[in-house]
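Spelled out from the first residue to the last, the chains are:
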Amino acid sequence: MAVLTYREALNRAMTEEMEKDPNIFLMGEEVGHYEGAYKVSQGMLAKFGEKRVIDTPISENGFAGVGIGAAMVGLRPIIEFMTWNFSLVAIDQIINSAAKMNYMSAGQFPIPIVFRGAGGAGGRLAAQHSQSFESWYAHIPGLKVLAPYTPSDAYGLLKTSIRDNNPTIFIESEVLYGSKGEVPEGEFLIPMGKSDIKREGTQLTIVSWSRALMYVLPAAEKLAKEGISVEVIDLRSIRPLDEEGILASVRKTNKVLIVEEGWNVAGFGAQVAYLIQKEAFDYLDSPIERITQEDVPMPYAANLEKSSLPSEEKIIKKVREMIK
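Procedures and definitions
Residues numbered from 1 in each chain as written. Predicted model: local features only at pLDDT ≥ 70, side-chain atom pairs only at ≥ 80, totals over all residues. Heavy atoms only, no water. Buried < 20%, exposed > 50% of the residue type's maximum accessible area, 1.4 Å probe, protein only. Helix = DSSP H or I, 4+ residues; strand = E, 2+ residues; numbered from the N terminus. Pairing = 2+ DSSP bridges. Axes fitted to C-alpha atoms, helices over the stretch in contact; angles between N-to-C directions. Contact = heavy atoms within 4.5 Å. Parallel < 35°, antiparallel > 145°, perpendicular 65-115°, else oblique. Left-handed = near helix turned anticlockwise from the far one by under 90°. Salt bridge = Lys/Arg side-chain N within 4 Å of Asp/Glu carboxyl O.

Considerations on the pairing of strand S4 (residues 76–81)
At step 1: Counting buried residues in S4 gives six out of six residues, a clear majority hidden from the surface.
At step 2: Burial along S4 is two-sided: Arg76, Ile78 and Glu80 facing one way and Pro77, Ile79 and Phe81 facing the other are all buried.
At step 3: For strand S2 (residues 24–28) and S4, the ladder comprises five bridges, and the chain directions are parallel. By the bridge assignment for S4, phenylalanine 25 is matched with proline 77.
At step 4: Pairing between S4 and strand S5 (residues 114–119): four bridges, direction parallel. Bridge assignment links glutamate 80 to a residue of S5, and that residue is arginine 116.

Written as structure tokens, this is what we have:
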């Protein structure tokens, strides 16, 4: 298997799908001549030309709407937001058009569109550029929401998203773009609604996704040296959700910690906790716990930003308390 960075895996997924289907195109700010704000579309303008790799003005509401209209007439757009923070400008188009059009038209207008780009906290980007929107978009019927952690997951899930006939919210943590991992050669698709066990364990389940796994997996490794066996589940797919995968792990370990980069109030972890208490309450040996970003806008100062986010230290401390 090839070792690719996260951005290279995304690039390869889009390139391969665009080679197969001339109806697929990429559109967004700086995706063409600048080759992407995070260089995800590097080389794609030269390969596919300006009719299929389209630079846009700074108008998220406008080009999101153009993409939805294109999807309604048979094209398959990939719309890149430079950051998901800017999707707020286009949220009316995403929620009131993309998510609802197929339902409101009684199936006459499927919307095969992927909205993708960088999400979550970066590094000292402050409050307006450091938000996690999984729970916002997962709240909306008609949208599918994905947040992959590894390059192989990003590759397999993006290809699946491009082929799907429903609007997909594809959130890429911007701090993961340079991370590396093995990506299978040839046809490789990952189904939506299927979680992945990133680490087997027996004493406690940690449910997490996206960038938060950067803290979870090293914490689990350190806890293993103390004799504490933690199972780590990477949701990958937020909506649809792999409910049975979560419940199977809970039935095995009987303790659950949910770790997410977003805020606590109405965060997606709350939905996971509700599922577990409803369907596996009798298997729990202790209350479900959560670690989230602190309930403040993201600070700019590096030390405050670090203290605001989940961390290895917070996870290790909480797991020790739960295992006692």
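Some remarks on the sheet that holds S5
At step 1: Sheet architecture is open: seven strands sit in the order S3-S2-S4-S5-S7-S6-S12, paired in mixed fashion. The sheet terminates laterally at strand S3 (53–55) and strand S12 (237–239), the two strands that pair on one side only. Looking at each pair of strands side by side, their axes are set apart by 20° on average, direction ignored.
At step 2: Inspection of the sheet shows S2 paired to S3 by three bridges, in the parallel sense. Residue pairing for S3: leucine 26 is matched across the bridge by valine 53.
At step 3: Packing of helix H7 (residues 151–163) onto the sheet brings it into contact with S2, S4, S5, strand S6 (144–146) and strand S7 (168–173), and relative to S7 it is tilted by some 160°.

Describing the packing of helix H9 (residues 243–253) against helix H10 (residues 268–279)
At step 1: Two numbers describe how H9 lies on H10: the axes approach to 10 Å, and their chain directions differ by 60°. As far as their axial angle goes, H10 and H9 are oblique. The two elements H9 and H10 meet at a crossing, and its hand is right-handed. The segment H9 lies against H10, with Glu243, Ile246, Leu247, Val250 and Arg251 engaging Val272, Leu275, Ile276 and Glu279.

Section: the pattern of salt bridges
At step 1: In this structure the tally under the stated criterion is 29 salt bridges.
At step 2: The residue glutamate 17 makes a salt bridge to lysine 159 at a minimum N-O spacing of 2.6 Å. Linking glutamate 17 in helix H1 (residues 6–20) with lysine 159 in helix H7, this pair joins segments that are 142 residues apart in sequence.
At step 3: Judged by its relative accessible area of 3%, glutamate 17 is buried.
At step 4: Residues lysine 314 and glutamate 294 are paired through a salt bridge, measuring 3.6 Å at the closest nitrogen-oxygen approach. Of this pair, lysine 314 sits in helix H12 (residues 312–323) while glutamate 294 sits in the loop between strand S14 (289–293) and helix H11 (302–308), placing them 20 residues apart in sequence.
At step 5: Through salt bridges with shared partners, a single ionic network connects Arg12, Glu16, Glu17, Lys20, Lys159, Arg163, Glu185 and Glu187.

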